[in-house]
Amino acid sequence: MVWKTYSDEVIRNLGFDLKRQKIARNYGRQKLIVKVLEMVFLAIVVIAVMVTGASEWFRTWAAGISSNDWIVVLIYSTVALVVFFLSMLPFDLYSEFRIEKRFGLSKYTIGRWIKDFIVSMVVNTILFLLLLEVCYFLLRVTELWWLLMWAFFTLFILFILFISPVVINPLFNKYDPLEDEELSGRLSRLADKADIKVKGSFVQKAGEKTTKAGAYITGIGATKRIVLYDTLIERYTPDEIESVIAHELGHDKLLHIPKIVVMMSLTTLLILFITDQFMSLVIDYTNFASISDVALLPVIAFSLGTLVFLTQPIRNTHSRYCEKQADHYAFELANRAEAEMNVLVKLSNDNLSRVDPHPIVEFFFHDHPALVRRVEYTLAHLDRTKKAGGNS
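Here the structure is a predicted model, which means the values were calculated and not measured.

1. Re the pattern of salt bridges
Now for step 1: Going through the model one piece at a time under the given rule, you end up with 22 salt bridges.
Now for step 2: When the shortest N-O distance is used, the salt bridge between E242 and R186 registers 2.5 Å. With E242 in helix α9 (residues 238–253) and R186 in helix α7 (residues 181–193), the pair connects residues that are 56 residues apart, well separated along the chain.
Now for step 3: Look at R186 and you get buried, because its relative accessible area is 16%.
Now for step 4: Linking E240 and K346 is a salt bridge whose minimum nitrogen-to-oxygen distance equals 2.8 Å. Of the two residues, E240 is situated in helix α9 and K346 in helix α12 (residues 337–350); the sequence distance between them amounts to 106 residues.

2. Remarks on the pairing of strand β3 (residues 215–218)
Now for step 1: Of the pairings in the sheet, the one linking β3 to strand β4 (residues 225–229) comprises 4 bridges and is antiparallel in character. Looking at β4, one finds that A215 is bridged to L228.
Now for step 2: Between β3 and the antiparallel strand that follows it, β4, lie 6 residues; G219 among them carries a positive phi value of about 90 degrees.

3. Let's talk about the environment of K212
Now for step 1: Inspection of the secondary structure assignment puts K212 in the loop between β2 (201–204) and β3.
Now for step 2: C-alpha of K212 to C-alpha of L347: the two residues are 135 residues apart in sequence and 8.0 Å apart in space.
Now for step 3: Among all residues touching K212, those that are not within four sequence positions of it are Y27, E100, L105, Y229, T231, R235, D350 and N351.

4. Quick notes on the packing of aromatic side chains
Now for step 1: Applying the stated criterion to the full structure yields 14 aromatic pairs.
Now for step 2: When the centroid spacing of 5.4 Å and the interplanar angle of 90 degrees are considered together, the rings of F363 and F364 count as edge-to-face.
Now for step 3: Of the residues examined, F363 reaches a relative accessible area of 35% and is grouped as partly exposed.
Now for step 4: Residue class for F364 comes out partly exposed when judged on its relative accessible area of 22%.
Now for step 5: Each member of the aromatic cluster is reached from another via a ring pair, and the members are F309, F363, F364 and F365.
Now for step 6: Taking NZ or CZ as reference, R140 lies 5.3 Å from the ring centre of W70, over its face.

5. Focus: unusual backbone geometry
Now for step 1: Of note, L255 is a non-glycine position whose phi angle comes to about 60 degrees, a positive value.
Now for step 2: The topology assignment puts L255 in the loop between α9 and α10 (256–284).

6. Quick word on helix α4 (residues 69–102)
Now for step 1: With 34 residues, α4 should reach 50 Å at 1.5 Å per residue; the first-to-last C-alpha distance of 47 Å fits that figure.
Now for step 2: The sharpest bend along α4 measures roughly 40 degrees and falls at L89, with the proline P90 sitting one to four residues further on.
Now for step 3: By the N-cap criterion, in which a side-chain oxygen at the helix start approaches the backbone nitrogen of a residue two or three places on, α4 is capped by N68, the distance to W70 being 2.8 Å.
Now for step 4: Residue G104 follows α4 closely and has a positive phi angle near 70 degrees.

7. Let's talk about the nonpolar core
Now for step 1: Ranked by internal contacts, the top residues of the largest apolar core, which has 44 residues, are Y136, L139, W145, M149, M279 and L296.
Now for step 2: Put simply, the parts of the chain that give this core at least two residues each are α2 (18–51), α3 (54–65), α4, α5 (110–141), α6 (145–168), α10 and α11 (297–334).
Now for step 3: Broken down by element, the residue count for this core peaks at 11 residues, all from α5.
Now for step 4: Among all residues touching Y136, those that are not within four sequence positions of it are V73, I291, S292, D293, V294, L296, L297 and I300.

8. Overview of the environment of M264
Now for step 1: With respect to the helices, strands and loops of the structure, M264 is situated in helix α10.
Now for step 2: A relative accessible area of 29% means that M264 is categorised as partly exposed.
Now for step 3: Separated by 36 residues in sequence, M264 and I300 have C-alpha atoms that sit 19 Å apart.

9. Some thoughts on the sheet that holds β2
Now for step 1: Pairing is mixed across the open sheet formed by 4 strands, whose spatial order is β1-β2-β4-β3. The sheet terminates laterally at β1 (175–177) and β3, the two strands that pair on one side only. Pairwise comparison of adjacent strand axes, ignoring direction, gives a mean angle of 30 degrees for this sheet.
Now for step 2: With 3 bridges connecting them, β1 and β2 associate as antiparallel partners. Within β2, the residue paired with D176 across the bridge is V203.

10. Some remarks on the packing of α12 against helix α14 (residues 371–388)
Now for step 1: Axis separation between α12 and α14 bottoms out at 9 Å; the angle between their running directions is 165 degrees. Classified by the interaxial angle, the pair formed by α12 and α14 is roughly antiparallel. When you trace α12 past α14, the crossing you get is left-handed. Residues A337, E338, M341, L344 and S348 of α12 pack against L371, R374, V375, T378, L379, H381 and L382 of α14.

11. Focus: the pairing of β2
Residues in a regular strand project their side chains so that they alternate between the two faces of the sheet.
Now for step 1: Neither face of β2 is exposed, since S201 and V203 on one face and F202 and Q204 on the opposite face are all buried.
Now for step 2: Note: β2 against β4, 4 bridges, orientation parallel. Bridge pairing in β4 links S201 to I226.

12. Overview of the side chain of N173
Now for step 1: Residue placement: N173 occurs in the loop between α6 and β1.
Now for step 2: A distance of 3.4 Å separates a polar atom in the side chain of N173 from a polar atom in the side chain of Q204.
Now for step 3: Discounting residues that sit within four places of it in the chain, N173 has contacts with Q204 and K209.

Definitions and cut-offs
Per chain, residue numbering runs from 1 following the sequence as it is written. The model is predicted, so local features are restricted to residues of pLDDT at least 70 and side-chain atom pairs to those at 80 or more, both for listing and for counting; the totals for chains, interfaces and linings are taken over all residues. Side-chain metrics in this entry use all non-hydrogen atoms of the structure; hydrogen atoms and water are not considered. We count a salt bridge whenever a side-chain nitrogen from Lys or Arg sits within 4 Å of a carboxyl oxygen from Asp or Glu. Numbering of helices and strands runs from the N terminus; a helix is a DSSP stretch of H or I covering at least four residues, while a strand is a stretch of E covering at least two. Summary of the burial criterion: residues with accessible area below 20% of their type's maximum are buried, those above 50% are exposed, and those between are partly exposed, where the area comes from a 1.4 Å probe applied to protein chains only. The pairing criterion for strands is at least two bridges between them, as found by DSSP. Note on contacts: a residue pair is in contact if any heavy atoms of the two residues lie within 4.5 Å. Only Phe, Tyr and Trp rings take part, Trp by its six-membered ring, and two of them pair if their centres are within 6.5 Å. Stacked means planes under 30 degrees apart, edge-to-face means over 60, and tilted covers everything else. The rule for a charge over a ring is simple: NZ of Lys or CZ of Arg within 6 Å of the ring centre, and within 35 degrees of the ring normal. For a helix, the expected span equals 1.5 Å multiplied by the residue count minus one. A residue's bend is simply the angle between two axes: one fitted to the seven residues ending at it, one to the seven starting at it. What qualifies as a polar contact is a pair of N or O atoms within 3.5 Å, subject to a donor-acceptor requirement within protein and to the restriction that residues adjacent in sequence count only when both atoms come from side chains. We call a set of buried Ala, Val, Leu, Ile, Met, Phe, Trp, Tyr and Cys residues a nonpolar core when their side-chain atoms join them within 4.5 Å. Geometry is summarised by axes, namely lines fitted to C-alpha atoms with helices restricted to the contacting stretch, and by angles between N-to-C directions that run from 0 to 180 degrees. In what follows, roughly perpendicular refers to angles from 65 to 115 degrees, roughly parallel to angles under 35, roughly antiparallel to angles over 145, and oblique to any angle outside these ranges. Two helices cross in a left-handed way if the nearer one is turned anticlockwise from the farther one by less than a right angle. They cross in a right-handed way if the turn is clockwise.

Here is the structure:
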């Protein structure tokens with residue numbers, strides 16, 4: 001791919017607000033700095049824990065409570081996860097609360113933010129404990145643990161996708177059926193046109209926590225539903241909302257979720273295999289007897305985290321390709337390209353999205369194409385439509 005840069009004049013001519021873009025660049029820069037500092041901090045902690053022998057001491061302490069391998073893993077992992085989440089608290093608090101407040105994107109009170117943080121910590125701890133117990137069981141019984149863990153993880157992701165709309169998401173947000181009958185009808189007809197069955201349209205009370213706007217389709221099978229932020233309904237026209245949902249329906253129609261799951265599954269297989277090879281080297285050059293020693297959890301976690309980061313561009317490149325496909329599908333389904341272009345410009349302002357991120361930043365961290373290119377795609381479609389004598 002050839003990276004293209006855009007002058008401020010070009011960005012302005014595409015309809016974007018340069019004043020908001022200046023703020024968006026500062027916002028994105030601050031968020032990125034915190035993310036990098038967080039990664040460096042985690043690396044230092046892992047090295048310190050292993051070099052000082054703290055992890056081995058803690059494993060011995062857990063083994064002193066019970067000789068049962070399942071319980072030892074449970075005790076060690078529970079405390080390790082809680083310590084991990086609490087050590088991330090300053091970074092999360094600064095990035096997700098302080099910075100969001102500073103740029104006028106958050107409506108959180110500190111009390112409400114802490115409450116959501118605790119709920120998130122509890123939910124993630126439970127889910128990670130399940131994964132870790134299965135992982136360490138497989139480590140104890142077979143050298144092919146990485147292959148079986150990959151299969152389990154893939155099924156686990158599918159299960160989470162199914163239950164999230166009805167079990168996990170309501171823990172953090174309120175959802176009500178969309179009461180606007182006209183808008184609900186338009187979205188239902190749009191879904192029917194795409195031949196996609198959804199449970200209905202729901203409103204997420206996002207405005208209680210953020211000024212950002214958004215929409216998505218969540219769930220699989222019987223739990224699939226359209227979700228609109230209340231902020232989207234308040235500030236966007238029905239045509240614009242319809243164009244947003246047409247894009248989301250495109251993901252479903254073009255089987256992007258299954259494809260993304262497959263991509264995630266394949267990279268996970270690679271990550272687990274490399275981790276297995278890396279941990280074998282660790283065993284060869286240390287005093288640890290087996291990779292199944294829970295005291296090695298920090299090393300395994302660091303290896304997994306590093307590999308997830310290094311393979312992130314693969315998943316993001318595929319995701320950006322899917323987003324472009326969904327944009328083009330939306331053009332044909334809703335026939336509202338002008339409304340979609342308006343949405344992209346308004347979202348850049350509302351969500352402080354930098355429309356022209358640095359190529360390296362986009363390559364590693366962005367799962368959507370730069371907004372400036374998405375507007376260019378839309379303008380090109382409008383130009384083709386006009387030349388063909390059509391409407392959009």
